[in-house]
Amino acid sequence: MIHKVLVANRGEIALRVIRACHELGLKTVAVHSQADAEALHVRFADESVCIGPPPATASYLNIAALISAAEITGADAVHPGYGFLAENAEFAEVCERCGLTFVGPQAEMMRLMGDKVRARRTMSEAGVPVLPGSGVVDTEQEIGAAAALIGYPLIIKAVAGGGGRGMKIVDGPGSLLRSWSTARGEAKAAFGNPSVYLERYVERPRHIEIQVIADGQGHVAHLGDRECSIQRRHQKLLEEAPSVALTTAAREALGRIATDAVRAIGYTSAGTLEFLMDTRDGRCYFMEMNTRIQVEHPVTEMVTGIDLMQEQLRIAGGSALSLSQADVQIRGHAIECRINAEDPRSHAPSPGRITALHLPGGFGVRVDSALYSGYTVPPHYDSLIAKLVVHAPTRREAIARMQRVLSEFVVEGICTNRDLFQRILAFEDFAAGRLDTAFLERMERAAASAAEEPSR
């Protein structure tokens, strides 16, 4: 059993963990940088510890400071949330060596899935479909030979990649070496590892993922799928569950593939298998596995009624999974919009003081946010400030509810991307479910074309 949880994060996800802990009767410790001294997660936790100055490298990424905070407060577990150290195997191992329960998967699972080449090979061996690709390509000869086998278009990806960094699309041999060199440089700068590999490029795919949960005692379940195709520069903006692209049979098949793979590798805790769907034939291919709770987990919770955060905490405390696959029922439809503090034209972060705030509510509405009137959004961290989530019996009703929620969401003093979501929900392709990773570009082209039409 665990009794006191140190939350190694900030913002809305720290609040989410704290709330789940309190409902389970667990004490909580919030950590914060000097910039977050007045943050809501600090106010709601049972205890708080300042772990350093504003830069994340000196605070939220400072493993020694986090372990010290756990020791001085008597915490016996650490929940990393998402981002920061959530998928850092070293952090998980240090927690274990210091007698702290890490609320998440085993360190070896993080290392395995963090190496994209090893992850592809492991998933293929477990029966998960993967795109044609290569191992690590370190020389001009290796990349030329691999490209000849895979064919064009192809994509170069960082072995330790994420967030679109170290990623280059190559249409033909003329740009192969230049793109390979650039990708290696970006990968080295972003991850400290220049290794890259090649993969067949799927043009305009849908991004679909399967939520899994496992307890380490042989019990594994999937909680359905999520559609995450609406992205900007490989960063998700809007998610929904379930995907309109999957039939019931396809959804069940993908769920079986995911659970069989998780069981085969001995994975524990919550995780997500991400797939690319080729819109030409509907086939899904493994892309990566996220070994943590995801930003978009609320849409899964809304359609299943299952608290993923509490399941994570129970499993970490030694309990068995509280549900079986037969218990998982997908009901209705959920949509999540990620509200960022950003300039609507440049998409640059827009930190500052909140001078007025009204959060929406009503039936079927959930708002995960750490905002309050008078709060100052700091410039040092990710720009996500709120997740607006709705649930309704049908997708059409969920869209209408989200449109209403967006109209009620008021925040003054900073800029946000709220209006972008209003345009997305009003775009006919979204209503029709015609989604892919090029959705935003298509919507913007349509808007530009409409603006150029002469007035009648």
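Conventions adopted
- Residues numbered from 1 in each chain as written.
- Predicted model: local features only at pLDDT ≥ 70, side-chain atom pairs only at ≥ 80, totals over all residues.
- Heavy atoms only, no water.
- Core = buried A, V, L, I, M, F, W, Y, C linked by side-chain atoms within 4.5 Å.
- Buried < 20%, exposed > 50% of the residue type's maximum accessible area, 1.4 Å probe, protein only.
- Helix = DSSP H or I, 4+ residues; strand = E, 2+ residues; numbered from the N terminus.
- Contact = heavy atoms within 4.5 Å.
- Polar contact = N/O pair within 3.5 Å; in protein donor to acceptor, adjacent residues only side chain to side chain.
- Phe/Tyr/Trp six-rings, centres within 6.5 Å; stacked < 30°, edge-to-face > 60°.
- Domains from an automatic or database assignment.
- Buried area = accessible area lost by both parts, 1.4 Å probe.
- Salt bridge = Lys/Arg side-chain N within 4 Å of Asp/Glu carboxyl O.
- Pairing = 2+ DSSP bridges.

### Description of the nonpolar core
Link 1 in the chain: Membership of the largest hydrophobic core comes to 39 residues, with the highest contact counts inside it found for Ile230, Leu238, Met402, Ile424, Phe430 and Phe439.
Link 2 in the chain: Looking at this core, the elements with two or more residues in it are strand S12 (235–241), strand S15 (333–340), strand S20 (384–392), helix H12 (395–408), helix H13 (418–426) and helix H15 (439–452).
Link 3 in the chain: The contacts of Ile424, once residues within four sequence positions are left out, are Ile230, Leu238, Phe430, Phe439, Leu440 and Met443.
Link 4 in the chain: The next biggest cluster of nonpolar side chains, apart from the first, holds 30 residues, and it includes Ala14, Ala20, Ala30 and Ile315.

### Observations concerning the side chain of Lys4
Link 1 in the chain: Tracing the chain through its elements places Lys4 in strand S1 (residues 4–7).
Link 2 in the chain: A polar atom in the side chain of Lys4 sits 2.5 Å from the side chain of Glu47.
Link 3 in the chain: Setting aside its immediate chain neighbours within four residues, Lys4 contacts Lys27, Thr28, Val29, Glu47, Thr73, Gly74, Ala75, Asp76 and Ala77.

### Considerations on the environment of Arg200
Link 1 in the chain: By the secondary structure assignment, Arg200 is in strand S9 (residues 196–200).
Link 2 in the chain: Overall, the relative accessible area of 23% leaves Arg200 in the partly exposed class.
Link 3 in the chain: Distance in space between the C-alpha atoms of Arg200 and Val170 is 9.8 Å, their sequence separation being 30 residues.
Link 4 in the chain: The residues contacting Arg200, other than those within four sequence positions of it, are Leu131, Pro132, Ile150, Pro153, Leu154, Ile155, Asp278, Arg280 and Tyr285.

### Digging into the packing of aromatic side chains
Link 1 in the chain: Counted according to the given criterion, the structure contains seven aromatic pairs.
Link 2 in the chain: Between Phe91 and Phe102, the ring centres sit 6.0 Å apart and the planes meet at 90°, which makes this aromatic pair edge-to-face. Of this pair, Phe91 sits in helix H4 (residues 89–97) while Phe102 sits in strand S5 (residues 101–102); the two residues are 11 residues apart in sequence, bridging distant segments of the chain. Phe102 matches Phe91 in its accessibility class, with the two residues each being buried.

### Some details on the domain arrangement of the chain
Link 1 in the chain: Along its sequence, the chain is organised into domain 1 (4–103), domain 2 (132–200) and domain 3 (206–448).
Link 2 in the chain: For domain 2 and domain 3, the distance between their C-alpha centroids amounts to 29 Å.
Link 3 in the chain: Facing the five residues of domain 2 at the interface are seven residues of domain 3.
Link 4 in the chain: Of the roughly 450 Å² buried at the junction of domain 2 and domain 3 (both faces included), carbon and sulfur atoms supply 42%.
Link 5 in the chain: In this structure, the connection of domain 2 to domain 3 is made through one salt bridge.

### Digging into unusual backbone geometry
Link 1 in the chain: Geometrically, the link from Tyr152 to Pro153 is a cis peptide bond, its omega value of -5° lying close to zero.
Link 2 in the chain: Here the residue pair Ala241 and Pro242 is connected by a cis peptide bond, since its omega of -5° sits within 30 degrees of zero.
Link 3 in the chain: The phi dihedral of Phe84 is positive, around 45°, even though this residue is not glycine.
Link 4 in the chain: Positionally, Phe84 belongs in the loop between strand S4 (77–79) and H4.
Link 5 in the chain: Residue classification places Phe84 among the partly exposed positions, given a relative accessible area of 30%.
Link 6 in the chain: Phi at Ser269 is positive, roughly 90°, even though this residue is not glycine.
Link 7 in the chain: Along the chain, Ser269 falls in strand S13 (residues 269–277).

### A word on the pattern of salt bridges
Link 1 in the chain: Overall, the coordinates contain 36 salt bridges when judged by the stated rule.
Link 2 in the chain: Here Arg206 and Glu227 are joined by a salt bridge, their closest N and O atoms 3.1 Å apart. Highlighted residues: Arg206 in strand S10 (residues 206–214) and Glu227 in strand S11 (residues 220–232), separated in sequence by 21 residues.
Link 3 in the chain: The buried category is assigned to Arg206, whose relative accessible area is 8%.
Link 4 in the chain: Salt bridges here are not isolated pairs; linked through shared partners, they connect Glu209, Arg226, Lys236, Glu239, Glu274, Glu296 and Arg338.

### Considering the sheet that holds S1
Link 1 in the chain: Strand order in the open sheet formed by five strands is S3-S2-S1-S4-S5, and the pairing between neighbours is parallel. Whereas interior strands pair on both sides, the edge strands pair on one side only; in this sheet they are strand S3 (47–52) and S5.
Link 2 in the chain: In the sheet, S4 pairs with S5 via two bridges, with the strands oriented parallel. From the neighbouring strand, Val78 faces S5, where its bridge partner is Phe102.

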